[in-house]
Every structure is written in structure tokens, then in C-alpha cells.
Amino acid sequence: MAETHVLFVEDDDVIREATQLALERDGFMVTAMPDGLSGLEAFRAHRPDIALLDVMLPGLDGVSLCRRIRDESTVPVIMLSARADSIDVVLGLEAGADDYVTKPFDGAVLVARIRAVLRRFGHAGGSAGDPGEPGQAGEDAVLTFGDLEIDTEGMEVRRAGEPVGLTPTEMRLLLEFSSAPGTVLSRDKLLERVWDYGWGGDTRVVDVHVQRLRTKIGQDRIETVRGFGYKLKA
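Being a predicted model, the structure only gives us computed values, none of them experimental. (Residues numbered from 1 in each chain as written. Predicted model: local features only at pLDDT ≥ 70, side-chain atom pairs only at ≥ 80, totals over all residues. Heavy atoms only, no water.)

Quick look at the nonpolar core
Moving on, step 1. L53, M79, I150 and F177 are the most contacted members of the largest nonpolar core, which has 50 residues in total.
Moving on, step 2. Per element, the largest residue contribution to this core is 6 residues, and it comes from helix α8 (residues 204–217).
Moving on, step 3. Those residues within four positions of F177 in sequence are excluded, and the remaining contacts are L185, L190, V210, L213, I222, Y230, K231 and L232. (Core = buried A, V, L, I, M, F, W, Y, C linked by side-chain atoms within 4.5 Å. Buried < 20%, exposed > 50% of the residue type's maximum accessible area, 1.4 Å probe, protein only. Helix = DSSP H or I, 4+ residues; strand = E, 2+ residues; numbered from the N terminus. Contact = heavy atoms within 4.5 Å.)

Some details on the packing of helix α6 (residues 168–179) against helix α7 (residues 187–194)
Moving on, step 1. Following both chains from N to C, one finds α6 and α7 inclined at 120 degrees, their axes separated by 10 Å at the closest point. Considering their axes alone, α6 and α7 lie oblique with respect to each other. Remark: the crossing between α6 and α7 carries right-handed chirality. Contact residues: T169, R172, L173, E176 and F177 in α6; L190, R193 and V194 in α7.
Moving on, step 2. In terms of residue class, the contact of α6 with α7 is built from 4 nonpolar, 1 polar and 3 charged. (Axes fitted to C-alpha atoms, helices over the stretch in contact; angles between N-to-C directions. Parallel < 35°, antiparallel > 145°, perpendicular 65-115°, else oblique. Left-handed = near helix turned anticlockwise from the far one by under 90°. Nonpolar A, V, L, I, M, F, W, Y, C, P; charged D, E, K, R; others polar.)

A closer look at helix α4 (residues 86–94)
Moving on, step 1. Those residues of α4 that sit buried are D88, V89, G92 and L93. Buried residues along α4 cover an arc of 120 degrees about the axis, so they all sit on one side. Opposite the packed face of α4, turned more than 90 degrees from it, sit the exposed residues I87 and E94.
Moving on, step 2. Where the residues of α4 are buried, they touch α3 (62–72), β4 (77–81), β5 (99–102) and α8.
Moving on, step 3. G96 sits one or two residues past α4 and shows a positive phi near 120 degrees. (Arc of directions from axis to C-beta.)

Looking at the sheet that holds strand β9 (residues 162–163)
Moving on, step 1. Sheet architecture is open: 4 strands sit in the order β6-β7-β8-β9, paired in antiparallel fashion. Unpaired on one side and paired on the other, β6 (142–145) and β9 mark the two borders of the sheet.
Moving on, step 2. Bridging between strand β7 (residues 148–151) and strand β8 (residues 156–159) involves 4 bridges; their strand directions are antiparallel. Bridge pairing in β8 links E149 to R158.
Moving on, step 3. Across the sheet, α6 is in contact with β6, β7 and β8; its angle to β7 comes to roughly 105 degrees. (Pairing = 2+ DSSP bridges.)

Shown next, in the form of C-alpha cells:
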């Protein structure tokens, strides 16, 4: 089985080298770069399976690098931030990141988050034959909600007949909503089902992804139920 290729962009030499060694010990192949511009070149040259990007990078900062990557690919992106600052977190997620980890981080936690994201992307990429996965509709493989069509087998979404480009995380989120239209799903439940968090997570990850999903499928398609969570309008 091929090694998972990680692009790790971090300007701190000590963190970059120590984290690269830790990831390699866990069986990952790592390309480590010290700044945003070299990180973008490495991404284009190697097309890694996942990218870990520090927010504060020289030349091209991590948020801008995430946007450039997202313009070209749906590869999973995890942002690394030295502080759990709301602006850092939200900017990274709005740029297209799928998750974030606050520094200093434990190596085992980082590996667990990487593997959780990769599992999620494997499911969203079309391994929808597993029992219990969202979107299993049998003969009703195409779900319709107003002008929104969701092909749960082909993993395609159309709005008013036009294709909608979703990242795998956004697709997983939409599949969760469409599997129970009209049912309120709490942020904690969505963190567990979509982000594979078996532990407490930051619900801002959910909120930003819901907002991004709304901009693509229609602002009024997903309703906020204050104090409880979100639901897809049936």
C-alpha cells in the first residue's frame, strides 16, 4: 500500500524537523518546506495526499497558500495556528481548510487528526457502499430538495441544473443533512459524524463549513435552529 504523502509547510526549523520525523515514524512520507511560496511549488510538483499549513508563513502566508491550493485541488488541508485566535481559525476555514490544530500540539493528536481527515475524504470520494454511511438511498440515489439535486452514488450536486463544486468535507456535511431532512443536527453530532471527532471539538469548524455550504447550495436551504444546531429544509 502506498505511503500517504504529507506536505508540511512550517517556517520554524525546530518544529518543522521534529514534526517531520514524528510523521515519518508513523509511516507518512513528508515533504517539508519553510515558506509559503516554496510550499506552493512543492504542492504543484508532488500533489500530496494532505497539506499541513502553518498560518504565519513568510512570503505567502498560510491562509493565502490554502486559497491557492483550494483553487486547484480538493486535497484536504489542516491549518496549524500558534494560538486559538478566532480570526486565525475562521480565516483558515473560510479559505478552504478542512480542520485546524493549535500549536503546541501533541504528535499523537496531530496524527489522529490527519487520519480522521483522510478517512473522511475516503468516504466522500465515493466509498459510499459501506453500511450506515450517509446518503445511502438505494433506488433513491438522487435526492431532490427544491432546485437542489444530490446524487449520493455519483457524489455530484446540482443546483437549478448546474453542477455545484463541493469539497469532500462539504459533501460529507451535505450528505448528513440530506440523510435526515427536517431533523435538527447538533454541532457536536456533526463534529462526530463529519469530522470523526471522538473527542470534543471546536464548533466554529461546523459553523464556517455550514456557511460555506450555504453560499453554494442556497442561503435558505440550511436553517439555523438557535440553541440546537442546523437542519436541511425538506
